[in-house]
Amino acid sequence: MSRPSVAVVGGGILGMTAAYRLAQAGVHVALYERSRDLGGLVGSFDFDGHQVDRFYHVNLPSDDRILPLAEELGLGDKWRWRPTKVGFYDLGRLFSMTSPKEFLTFPVLRPHERIRLAAFVARCQMIKEYDELDDVSLLEWLRRLCGRRVTEKLWEPLLDSKFDGQYDDLPATYIWARTRRMSRTRDRSGAEVMGWLEGGYQTLIDALEARIRALGGEIHAGSAVEEIAGTGRAQGLLVDGHWRPFDFVLCTLAPPMARRVLSKDLAALAPPDHCRYLGVVCLLMRTSRSISPYYHLNITDRRVPLTTVVETTHVVDPEHAGGHLLYVSKYVDPSSPLHAQPVEEIERDFLGYARTIFPDLRTEEILSSVVQRARVTEPVHLLGGAKNVPEIFPIEGLAMASTAHVYPEIVSGQAVTGVTERVVPGILERLQLERREAA
């Protein structure tokens, strides 16, 4: 009997990793990606002759999915780990929040408020399961455990900047999961450490592409899937006007985009989508010197309407980037007018915000700049999130696996790779069952 065939729609890290695992299992895989470049949101682009990340990403020493995957692909010696600093911008000033001493002297909060915040962080580490938090309002939980003033002074500005002003319907799992993940950035000495794979995630994507091809798989970059077709079950793809049948289809697009490529009959069978989504608008600057003393800057002074400023070259080698990389970012609703605003206006406004924070940033120090935008980057799970995570196998012959299935973890390469570990065994099991029934 011939090998079973699976079409994978989407060439991001989830689609590429799933295609690799399926090919390893003896499946004939054909992956389709609309863009000419593989990698999706974790991919790189040419920035004045230098390949740099389209958006910023970080790896932690505790990433027990991504690190072994890189090792398996022969990239284990490509990791670069560096100590980093985290800062806050509030009251028109920069504050470091990297060491325990800085935490205990953080001037934005009063002494007893710092103690209460420290107790809250410790409590998050003690909670091992998220079930008890899934139906708990995030704001109510923060006010109860941290106090109303700490919530108003610290948490609400951070939530406002992250969720574009809409955060009163979130579960407590959000801060719990984020606090637990970021607590793992410290090494044995207590220093904050983050990692970069030489060349960024694109190095991982390129290695996956090579392995998939070596295993007999197909990669079709620059090929637009017009429709996942079928009646009652997925039967194949319509790509660039041509029909191709498959035994199974894995769609890795986020639900709003996935629905656009489902046939009318299949769309009627698709599960409801209970998530909101966030997009991002980012001014990326390459500068001649380091501008921020911090890898990641939290912004609680809402006179600056940004989410964060990230200088990735505290981890990324500046020589690789041809300078220092400063990502001036704002998370926004997919309907935000910023998605359609002229690039020149975004550059002007975002540069103005950056100069408010870093007034010594001079025009001649900016070697180049570019605006990057994406309407859908990650899901926002609402109260009762676990009950509303969509079914991965909603239709016969079709798996729909995406960042919408990352819960309660925070979306990251580590978390998205975890979705692969759930969807691939399910596909193989269904293919084997169909073969037994056909025999």
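Residues numbered from 1 in each chain as written. Predicted model: local features only at pLDDT ≥ 70, side-chain atom pairs only at ≥ 80, totals over all residues. Heavy atoms only, no water.

Trainee: Outline the overall build of the protein, supporting the account with residue identities and numerical values.
Mentor: Counting its secondary structure elements, the protein contains 14 helices and 19 strands. Relative to its length of 439 residues, the protein is compact, with a C-alpha radius of gyration of 22 Å against a globular reference of 22 Å. A total of 439 residues make up the protein; the buried ones form 55% of that total. In the protein, the share of contacts with a sequence separation of at least 24, taken over all contacts with a separation of at least 6, comes to 70%. For the protein, the exposed area adds up to about 18800 Å²; of that, 51% sits on carbon and sulfur atoms. Of note, the protein has its 52 positive side-chain charges centred 4 Å away from the centre of its 57 negative side-chain charges. (Helix = DSSP H or I, 4+ residues; strand = E, 2+ residues; numbered from the N terminus. Rg over C-alpha atoms; globule rule 2.2 N^0.38 Å. Buried < 20%, exposed > 50% of the residue type's maximum accessible area, 1.4 Å probe, protein only. Contact = heavy atoms within 4.5 Å. Areas by Shrake-Rupley, 256 points an atom, 1.4 Å probe, with all protein chains shown as cover. Lys, Arg positive; Asp, Glu negative; His and termini not counted. Charge placed at Lys NZ, Arg CZ, Asp CG, Glu CD.)

Trainee: How would you summarise the packing of helix α5 (residues 138-146) against helix α6 (residues 148-162) if you had to cite specific residues and measurements?
Mentor: Between α5 and α6, the least distance of the axes is 8 Å, while the angle of their chain directions is 140 degrees. Classed by the angle they form, the pair α5 and α6 counts as oblique. As for the relative orientation of α5 and α6, their crossing is right-handed in sense. Of α6, the residues touching α5 (which contributes L138, L139, L142, R143 and C146) are R148, V150, T151, W155, E156 and L159. For the contact of α5 with α6, the per-class residue count stands at 7 nonpolar, 1 polar and 3 charged. (Axes fitted to C-alpha atoms, helices over the stretch in contact; angles between N-to-C directions. Parallel < 35°, antiparallel > 145°, perpendicular 65-115°, else oblique. Left-handed = near helix turned anticlockwise from the far one by under 90°. Nonpolar A, V, L, I, M, F, W, Y, C, P; charged D, E, K, R; others polar.)

Trainee: Now, about the pattern of salt bridges: what can you tell me, with residues and values included?
Mentor: Following the criterion strictly, the structure yields 24 salt bridges and no others. In this structure, E198 engages R80 in a salt bridge whose closest nitrogen and oxygen atoms are separated by 2.5 Å. Placement of the pair is E198 in the loop between β8 (193-197) and α8 (201-214) and R80 in strand β5 (residues 79-83), with a sequence separation of 118 residues. Judged by relative accessible area, E198 falls into the partly exposed class, the value being 28%. By relative accessible area, which is 31% here, R80 ends up partly exposed. The network of salt bridges with shared partners includes R289, D360, R362, E364 and E365. (Salt bridge = Lys/Arg side-chain N within 4 Å of Asp/Glu carboxyl O.)

Trainee: Lay out the environment of S368 in plain terms, naming residues and giving numbers.
Mentor: Mapped onto the elements of the fold, S368 is located in strand β18 (residues 366-380). Accessibility expressed as a relative area gives 11% for S368, which makes it buried. Sequence separation between S368 and G322 is 46 residues; the distance between their C-alpha atoms is 10 Å. Discounting residues that sit within four places of it in the chain, S368 has contacts with F47, D48, L284, M285 and R286. At a separation of 2.9 Å, a polar atom in the side chain of S368 contacts the side chain of D48. (Polar contact = N/O pair within 3.5 Å; in protein donor to acceptor, adjacent residues only side chain to side chain.)

Trainee: Can you break down the sheet that holds strand β12 (residues 242-245) residue by residue, with the values?
Mentor: Overall, antiparallel pairing links the 3 strands, which are arranged β10-β11-β12 in an open sheet. Of all the strands in the sheet, just β10 (225-229) and β12 have a single pairing partner and so form its edges. Across the sheet, the axes of successive neighbouring strands diverge by a mean angle of 20 degrees, strand direction being ignored. In this structure, strand β11 (residues 236-239) lies alongside β12, joined through 4 bridges in antiparallel fashion. When the bridges of β12 are listed, L237 appears paired with R244. (Pairing = 2+ DSSP bridges.)

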